[in-house]
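Residue-level structural notes
So the chains spell out like this:
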Amino acid sequence: MEQVQQESFPAADDEWNAGDLGCGPLVLELRKKLKAMPERVLHVIALDIAAPIDIPAWCRLTHNELLAHDAATRSFWIRSRADWT
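The rules behind these values
Residues numbered from 1 in each chain as written. Predicted model: local features only at pLDDT ≥ 70, side-chain atom pairs only at ≥ 80, totals over all residues. Heavy atoms only, no water. Pairing = 2+ DSSP bridges. Helix = DSSP H or I, 4+ residues; strand = E, 2+ residues; numbered from the N terminus. Axes fitted to C-alpha atoms, helices over the stretch in contact; angles between N-to-C directions. Contact = heavy atoms within 4.5 Å.

**What about the pairing of strand 3 (residues 65-70)?**
Looking along a regular strand, one sees the side chains alternate between the two faces of the sheet. As defined by bridge partners, strand 3 adjoins strand 4 (residues 75-79) across five bridges and the pair is classed as antiparallel. The residue of strand 4 that forms the bridge with Leu66 is Ile78. The antiparallel hairpin formed by strand 3 and strand 4 contains four residues in its connecting segment, where Arg74 sits at a positive phi of about 55°.

**What about the sheet that holds strand 2 (residues 41-46)?**
The four strands are arranged 1-2-4-3 in an open sheet whose pairing can be described as mixed. Strands at the two margins of the open sheet, each flanked by one partner only, are strand 1 (14-19) and strand 3. Between one strand axis and the next, the sheet turns by 20° as a mean value, whatever way the strands run. In this sheet, strand 4 lies alongside strand 2 in antiparallel orientation, the contact comprising five bridges. Bridge pairing links Val44 to Phe76 in strand 4. The sheet contacts of helix 1 (residues 23-35) involve strand 1, strand 2 and strand 4, and relative to strand 1 the element is tilted by about 170°.

Here you go:
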């Protein structure tokens with residue numbers, strides 16, 4: 001029997017299940033959570049259909065690093081930026 005290699009994802013310092021929060025509430029809460037944990041990794045589970053577009057765009061705009069995205073589990077790993085001024 002062939003063994004399937006699982007893709008490895010970054011280790012997370014915390015996890016947040018955002019459920020089906022839409023863009024506005026999702027990014028506002030995401031900002032709050034990431035700001036509280038500079039330079040650490042947050043694993044986000046986001047069920048909103050637009051999350052695969054919204055979260056990467058928000059990360060680019062806010063200079064937080066999107067480390068990985070797993071479409072199958074609707075998961076995102078984001079490293080919070082160091083300078084929240």
